[in-house]
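Residues per chain are reported as follows:
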Amino acid sequence: MKVDLRKPEFVMKLDRLGSFHQSKLSFLRSFIREFKDWDFQTKEFNLDNEGYGYAIYTVQNRHKQYSLICFSNYLDDSDRSDRVIATKWDASFVLFDGVPLKKDIERLQSNVPLQEQGRVSQKELCLSRANKSVRIFEHVVNSLSEGKQPDTKLLYDVGYLYRTTAVYGAGKFGLADRIKIQNRDEIKGPFRLEMMLVYLARQFTFDIVNHVAHHRCPEKAITLHDDIARNLGIGNSTGLGMAPFIVNHPALLNQWIIAKESALKAIRSIAFINEIEKNSFQNYLTLIQENIKYWKTDSEYQIKKNNQLLKDLENFQKYFNNLSLGEYFWNSVYQWVEKNTQAECCEFIVSLMMEVYPEIVEPLSYEMSINEEEYFDIDTSRPIYEISQLIENQYTWLLNINFDQKDNIFNFWYYSKNKQEPRLSDRFSEEGADLELPLAIARDIQNLYQELKLMDLKDDLGAYLIKSQQYRHILRRVLICEKLPYSEIQDNTISKSVIPVDMLRLKLSFFGATRFDPRSDRWVRITMYQGAPLMREINQSNDSWSYKKIA
Amino acid sequence: MQSLYEIETTVLRSSRTQGLSWGVSEEVGKAIRVLEQSNLAGLESFKRIIDLGFDNLNKLLEVNQKNTNNLCPIHFGLFFLDQSHKNKLYQTLHFESLVEPLVSLPFLIKAAKKNLIYFQLDSKELVLNISPGSLFSIDKNQIPQIISKFSLTLTTQREIQFSPKTWDDLYKLSLETFVDESEEKRISGAGAGLTDND
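Residues numbered from 1 in each chain as written. Chains lettered and ligands numbered in written order. Predicted model: local features only at pLDDT ≥ 70, side-chain atom pairs only at ≥ 80, totals over all residues.

## A word on the overall build of chain B
Right, on to step 1. For chain B, the helix and strand inventory stands at seven helices and four strands.
Right, on to step 2. The N-to-C order of helical and strand elements in chain B reads α-α-α-α-β-α-β-β-β-α-α.
Right, on to step 3. For 198 residues, the compact-globule estimate of 2.2 N^0.38 gives 16 Å, and the C-alpha radius of gyration of chain B, at 24 Å, exceeds that figure by more than 25%.
Right, on to step 4. By principal-axis analysis of the C-alpha atoms, chain B measures approximately 80 × 40 × 35 Å.
Right, on to step 5. The buried share of chain B, taken over its 198 residues, is 33%. (Helix = DSSP H or I, 4+ residues; strand = E, 2+ residues; numbered from the N terminus. Rg over C-alpha atoms; globule rule 2.2 N^0.38 Å. Buried ≥ 20, exposed ≤ 12 C-beta atoms within 10 Å, placed from the backbone.)

Listed below in structure tokens is the structure:
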């Protein structure tokens, strides 16, 4: 039986992309798989009794070394903010290429805590910062200093001790350009170094609570129990800054999606499976259902999705219990799920199916990067009629949108000078639409299509570009999408009904985030590495940690 | 030091503020990035273009256009990037003046690679040959801010860069990797049949 890839017009809808879950392809999991045999060490831990100072962690093998330098500073409660415009944080981090010298630390100490306002160099790879979950941090330190383990219910409701608010890489603020490191074997997967930074920062959050608790009461203090620490991740608070990324990197987006779709296709194409495989799936399903109760959110949107997921999983379980092993078992499962459950559950089951087949899925994680430069140039010798047809075939969904209707052009994306991050606003009541970012893809493709229709269709694109350069960036996208069909979100990203948090969820699911907690339709809190091995036990990781039972 | 990423994004955004489209701004960002990566003063050159103002520069839109004074190097480069697949351009073209010719070079280099063509730029201030091969060098101290009364020759024809004697000498040398055959070897070592008149 021939199983096809799911079609882009099905997968690339925002409500489906916004229902993706972490999987074996997620970057934080592929980071651990890649680096589990490296040596992780605490190199320096120069914090005072209150927990202020710096610490250095190193990750090395025989050929290469990376270091995370963590700076911990006093922060007044009134200065604690997750916004990009914040200027102070409880902790700031920089991933260093190699092992830093004293003079490097001095230089970084006066720049890294400033984040966007500081400067780093080509020796540094990633930059980040984090704020304490004050309530949790204090509770944990107090408990440990009194010789007690903290209240796990309180802890797991939050899920982390610190929350990062941005992780920068690839040339920002003077960091090393991607070109400097792109040929290193260990970082072939996307965002590997960012994942390294976050993993080591999580370790720092455990080490600092133990340290402060000890100094608060050296006689009585105990350390955080490993089982509790393991069940804590590191939080992240993400705003609209992530949304333009997936629109601005169509070739990369294609690689992420095609990896997932290829895995699903390969699994659905397995003709015969055995009881062990079925039971393995059931085990993951049982464990993760236990953990879903820790997905706390006040967001009505997410509560509704989570409740629907639980309801769908209940029905799925009944179906699955009565399902006997037959030919193309997983294909039958998938078809049932697609037909009988919402996108949230369907994509959840897809992620679970991938767990059973590491030999299929894990190699695909090495194909999730791409040299975007190879897709930049426009073949201007192509006849215009070909491009018109291309738009008709691959962008059918947008050709009938009426962009004269207010609701279809309601929003515009812009880069806020004050907030220093991308924003989305009402075009008709706010100023700034003249500085609109090129993220109105659906509208602009339709405009390009209409302009092409006015040309002599036998002419080539060169002739069109002599006449107009306005949609050059869009033409580039159309040609990318011809080669990479999963490169384009198939929804109108400026409509009144767009839910930007779906765009964030898409990217975060590939990062490996869990516990999606949208704080509005424009920003979300998530947890990373919850359940992951601690630094000293990383070499024992078997990649099933995402499904460990919490509590 | 600014990273190449910072250079590219800053140029892209600056270009956009000057009224260039997003697509053209992306091209300019990449062009200046390539120049800076090659230790050429692309950013300074780009800044001088902004200071001059795009309104004071002419776009090249066709090879026979009347006014080719003060040509904008971005649109000059884009013209050849977008159009040089067309045979009708494979000739010597004459222009009045081009400001900041350095900025045109990444576009011409890309066009040469894309279409397997050769550019020969000839002016009294600057002479340059750009080929589809990746080797290219330019003395950064000898890049003028403007070139006047210049020609640009486009050709698909690679020129022979060596003498017949050099070729003959090397060819003879290359034969020394071959093994002299005895009659016996000629028969036993042949892969195909010795008669091929079937």
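## Concerning the overall build of chain A
Right, on to step 1. Looking only at helices and strands, chain A features 22 helices and 11 strands.
Right, on to step 2. Since a compact globule built from 551 residues should have a radius of gyration of about 24 Å, the 24 Å found for chain A is in line with a globular shape.
Right, on to step 3. Across its three principal axes, chain A shows a C-alpha extent of roughly 85 × 60 × 50 Å.
Right, on to step 4. For chain A, with 551 residues in total, the buried portion stands at 47%.
Right, on to step 5. The contacts of chain A with a sequence gap of at least 6 include a subset with a gap of at least 24, amounting to 76%. (Contact = placed C-beta atoms within 7 Å.)

## Some details on helix H21 (residues 472-483) of chain A
Right, on to step 1. For H21(A), with 12 residues, the first-to-last C-alpha span of 17 Å sits near the 16 Å given by 1.5 Å per residue.
Right, on to step 2. Every buried residue belonging to H21(A) is among Arg472(A), His473(A), Ile474(A), Leu475(A), Arg477(A), Val478(A), Ile480(A) and Cys481(A), and all of these are buried.
Right, on to step 3. Buried residues belonging to H21(A) abut helix H11 (250-268), helix H17 (384-394), helix H19 (441-453) and helix H20 (461-467) of chain A together with helix H2 (22-37) of chain B. (Expected span 1.5 Å × (residues − 1).)

## Things to note about the nonpolar core
Side chains of a nonpolar character, in soluble globular proteins, are inclined to be buried together.
Residue and element names in this part refer to chain A.
Right, on to step 1. Membership of the largest hydrophobic core comes to 198 residues, with the highest contact counts inside it found for Met196, Leu197 and Val209.
Right, on to step 2. Shared between two domains, this core takes at least three residues from each, and those domains are domain 1 (36-239) and domain 2 (374-483).
Right, on to step 3. Those residues in contact with Met196, other than ones at most four positions away along the chain, are Phe31, Phe35, Val59, Tyr66 and Leu95. (Core = buried A, V, L, I, M, F, W, Y, C linked by C-beta atoms within 7 Å. Domains from an automatic or database assignment.)

## Some thoughts on the domain arrangement of chain A
Right, on to step 1. Under the domain assignment used here, chain A contains domain 1 (36-239) and domain 2 (374-483).
Right, on to step 2. In this structure, domain 1 of chain A and domain 2 of chain A have C-alpha centres spaced 41 Å apart.

## Structural notes on the packing of helix H1 (residues 4-17) of chain B against H2(B)
Residue and element names in this part refer to chain B.
Right, on to step 1. At a minimum axis separation of 8 Å, H1 and H2 run at an interaxial angle of 145°. The chirality of how H1 crosses H2 is right-handed. Here Leu4, Ile7, Glu8, Thr9, Val11, Leu12, Ser15 and Arg16 of H1 lie close against H2, whose contacting residues are Trp22, Val24, Ser25, Glu26, Val28, Gly29, Lys30, Ile32, Arg33, Glu36 and Gln37.
Right, on to step 2. The residue inventory of the contact of H1 with H2, partitioned by class, reads eight nonpolar, five polar and six charged. (Axes fitted to C-alpha atoms, helices over the stretch in contact; angles between N-to-C directions. Left-handed = near helix turned anticlockwise from the far one by under 90°. Nonpolar A, V, L, I, M, F, W, Y, C, P; charged D, E, K, R; others polar.)

## Remarks on the interface of chain B and chain A
Right, on to step 1. Across the boundary between the two partners, chain B contributes 19 residues, which contact 24 residues of chain A.
Right, on to step 2. When contributions to the side of chain B that touches chain A are tallied by element, the ones reaching two or more residues are H1, H2, helix H4 (73-83) and helix H5 (101-115) of chain B.
Right, on to step 3. At five residues, H2(B) tops the list of elements feeding residues into the side of chain B that touches chain A.
Right, on to step 4. A per-class count over the side of chain B that touches chain A returns six nonpolar, six polar and seven charged.

## What about the environment of Lys483(A)?
All names here are of chain A.
Right, on to step 1. Structurally, the position occupied by Lys483 is in helix H21.
Right, on to step 2. Given 11 C-beta atoms within 10 Å, Lys483 falls into the exposed group.
Right, on to step 3. Between the C-alpha atoms of Lys483 and Ala251, which are 232 residues apart in sequence, the distance is 9.1 Å.

## Some remarks on the sheet that holds strand S1 (residues 92-99) of chain B
All names here are of chain B.
Right, on to step 1. With antiparallel pairing, the four strands of this open sheet are ordered in space as S1-S4-S2-S3. Two strands close off the open sheet at either side, each with one partner strand: S1 and strand S3 (127-130). With direction set aside, neighbouring strand axes in the sheet form an average angle of 20°.
Right, on to step 2. Where strand S2 (residues 118-122) and S3 come together, four bridges link them in antiparallel fashion. Each residue of the ladder has a partner; that of Asp122, found in S3, is Val127. (Pairing = 2+ DSSP bridges.)

## Things to note about the sheet that holds strand S5 (residues 124-132) of chain A
Residue and element names in this part refer to chain A.
Right, on to step 1. Pairing within the open sheet is mixed, and its nine strands lie in the order S1-S2-S3-S4-S5-S6-S7-S11-S10. Edge strands, defined here as strands with exactly one partner in the open sheet, are strand S1 (39-47) and strand S10 (514-518). Sheet twist, expressed as the mean angle between neighbouring strand axes with direction ignored, is 25°.
Right, on to step 2. Pairing between strand S2 (residues 53-60) and strand S3 (residues 65-72): eight bridges, direction antiparallel. The residue bridging Ile56 from the neighbouring strand is Ile69, located in S3.

## Some points on helix H5 (residues 134-145) of chain A
All names here are of chain A.
Right, on to step 1. In this model, H5 (12 residues) spans 16 Å end to end at C-alpha, consistent with the 16 Å of a helix rising 1.5 Å per residue.
Right, on to step 2. Those residues of H5 that fall on the buried side of the exposure criterion are Ile136, Phe137, Val140, Val141, Ser143, Leu144 and Ser145.
Right, on to step 3. Each element contacted by the buried residues of H5 is listed here: S5, helix H6 (152-158), strand S6 (160-168) and helix H8 (192-216).
Right, on to step 4. Looking one or two places after H5, you find Gly147, whose phi comes out positive at around 80°.

## Some thoughts on the environment of Arg202(A)
Residue and element names in this part refer to chain A.
Right, on to step 1. Its location among the elements puts Arg202 in helix H8.
Right, on to step 2. Judged by the 28 C-beta atoms lying within 10 Å of it, Arg202 is buried.
Right, on to step 3. Residues Arg202 and Tyr464 lie 262 residues apart in sequence; the distance between their C-alpha atoms is 53 Å.
Right, on to step 4. For Arg202, the contacting residues outside a window of four places in its chain are Gly233, Ile234 and Tyr529.

## Regarding the packing of H17(A) against H21(A)
All names here are of chain A.
Right, on to step 1. Direction vectors running N to C along H17 and H21 enclose 65°, while the axes themselves pass 10 Å from each other. Between H17 and H21 lies a crossing whose hand is left-handed. Between H17 and H21, the contacting residues are Ile387, Leu390, Ile391 and Gln394 on the first element and Val478, Cys481 and Glu482 on the second.

## A word on the pairing of S2(A)
Along any regular strand, the residues point their side chains to alternate faces of the sheet.
Residues and elements named next belong to chain A.
Right, on to step 1. Most of S2 sits out of view: six of its eight residues are buried.
Right, on to step 2. Linking S1 to S2, which pair antiparallel, is a turn of five residues; within it Gly51 sits at a positive phi near 95°.
Right, on to step 3. Counting the residues that bridge the hairpin from S2 to S3 gives four residues.

## Let's talk about the confidence of the model for chain B
Residues and elements named next belong to chain B.
Right, on to step 1. This prediction gives chain B a mean pLDDT of 90; 91% of its residues lie at or above 70.
Right, on to step 2. H4 holds the highest mean pLDDT among the elements of chain B, 97, whereas helix H7 (residues 183-188) holds the lowest, 64.
Right, on to step 3. Among the prediction metrics, the complex's ipTM stands at 0.88, with pTM recorded as 0.91. (pLDDT = per-residue confidence, 0-100.)

## With respect to unusual backbone geometry
Residue and element names in this part refer to chain A.
Right, on to step 1. Positive phi is not limited to glycine here, since Tyr328 has a value of about 50°.
Right, on to step 2. Its location among the elements puts Tyr328 in the loop between helix H13 (300-321) and helix H14 (329-340).
Right, on to step 3. Even without being glycine, Arg515 reaches a positive phi, approximately 55°.
Right, on to step 4. Among the structural elements, Arg515 can be located in strand S10.

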